[in-house]
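Single-letter residue listing:
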Amino acid sequence: QVQFVESGGGLVQPGGSLRLSCLASGFPSSRYDLSWYRQAPGKERELVATITSAGGSTSYADSVQGRFIISRDNSKSTMYLQMNTLKPEDTAVYYCNTDPSTMATTMALEGVDHWGQGTQVTVSS
């Protein structure tokens, strides 16, 4: 079945960088727009960035615009999030999944979502 496995998180000082990876399996991921999400302590999960199926278009939350870069390698069924100039407010568990519209369709058809365990990013001095 559909599975997402996130990796690459860790502890970093403000101003530092990390690169997250997301391995998708169990479905033809190259057909779908994919997104990164995050959930900070005490907050709801939020959309961070989205990339179209062929990687031709990207979009970002205002809070990360200019600092994060989303990319993908469909030959490896892998998506990446390059995180630069990290701030304490970026601290969160980061998740990957299909884009919000595809997630909604999946929920309607299957009655389930496919969230992985996420990867913890902590930005602290």
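Just so it is clear, the structure is predicted and the values come from calculations on it, not from any experiment. (Residues numbered from 1 in each chain as written. Predicted model: local features only at pLDDT ≥ 70, side-chain atom pairs only at ≥ 80, totals over all residues. Heavy atoms only, no water.)

## Examining the overall build of the protein chain
Across its full length, the protein chain carries one helix and 10 strands. Its helices and strands in sequence order give the protein chain the pattern β-β-β-β-β-β-β-β-β-α-β, from N to C terminus. For a compact globule of 125 residues, the expected C-alpha radius of gyration is about 14 Å, and the protein chain comes in at 14 Å, within 12% of that figure. Projected onto its principal axes, the C-alpha coordinates of the protein chain cover approximately 45 × 30 × 25 Å. Among the 125 residues that make up the protein chain, the fraction classed as buried is 42%. Nonlocal contacts in the protein chain, meaning residues at least 24 apart in sequence, comprise 58% of its contacts between residues at least 6 apart. Distance between charge centres in the protein chain, computed from 9 positive and 11 negative side chains, equals 6 Å. (Helix = DSSP H or I, 4+ residues; strand = E, 2+ residues; numbered from the N terminus. Rg over C-alpha atoms; globule rule 2.2 N^0.38 Å. Buried < 20%, exposed > 50% of the residue type's maximum accessible area, 1.4 Å probe, protein only. Contact = heavy atoms within 4.5 Å. Lys, Arg positive; Asp, Glu negative; His and termini not counted. Charge placed at Lys NZ, Arg CZ, Asp CG, Glu CD.)

## Digging into the nonpolar core
Within the largest apolar cluster, 27 residues are counted, with the highest numbers of intra-cluster contacts made by Trp36, Phe68, Leu81 and Tyr94. Counting residues per element, the ones that place at least two in this core are strand E3 (18–25), strand E4 (34–39), strand E5 (46–51), strand E7 (68–73), strand E8 (78–83), strand E9 (92–98) and strand E10 (119–123). A per-element tally of this core places E3 first, with four residues. Once residues within four sequence positions are removed from consideration, Leu81 is found in contact with Leu18, Arg19, Leu20, Trp36, Val48, Ala49, Phe68, Ile69, Ile70 and Tyr94. (Core = buried A, V, L, I, M, F, W, Y, C linked by side-chain atoms within 4.5 Å.)

## Quick look at the packing of aromatic side chains
Scanning the entire structure with this criterion turns up four aromatic pairs. One aromatic cluster is present, built from ring pairs that chain together Phe4, Phe27 and Tyr32. Directly above the ring of Tyr95 sits Arg45, whose terminal nitrogen or CZ lies 4.4 Å from the centroid. Above the face of the Trp115 ring, Arg45 is positioned so that its terminal group lies 3.8 Å from the ring centre. (Phe/Tyr/Trp six-rings, centres within 6.5 Å; stacked < 30°, edge-to-face > 60°. Lys NZ or Arg CZ within 6 Å of the ring centre and 35° of its normal.)

## Considering unusual backbone geometry
One non-glycine residue, Ser77, lies in the positive phi region at around 50°. By relative accessible area, Ser77 is classed as partly exposed at 26%. You will see that Thr85, though not glycine, has its phi angle at about 45°, which is positive. Tracing the sequence through the fold places Thr85 in the loop between E8 and E9.

## So, the side chain of Ser29
Its place among the elements puts Ser29 in the loop between E3 and E4. We classify Ser29 as buried; its relative accessible area is 4%. When neighbours within four sequence positions are excluded, Ser29 is seen to be in contact with Ala24, Arg72 and Ser77.

## Overview of the pairing of E5
In the sheet, E4 pairs with E5 via five bridges, with the strands oriented antiparallel. Counted as the bridge partner of Tyr37 is Leu47 from E5. The antiparallel pairing of E4 with E5 creates a hairpin that spans six residues between the two strands, and Gly42 there sits at a positive phi of about 75°. As judged from the three bridges shared by E5 and strand E6 (residues 58–60), these two strands associate in the antiparallel manner. Note on E6: the bridge partner recorded for Thr50 is Ser59. Counting the residues in the hairpin turn of E5 and E6 gives six residues, including Gly55, whose phi is positive at 80°. (Pairing = 2+ DSSP bridges.)

Any functional reading would require information beyond the geometric quantities listed.
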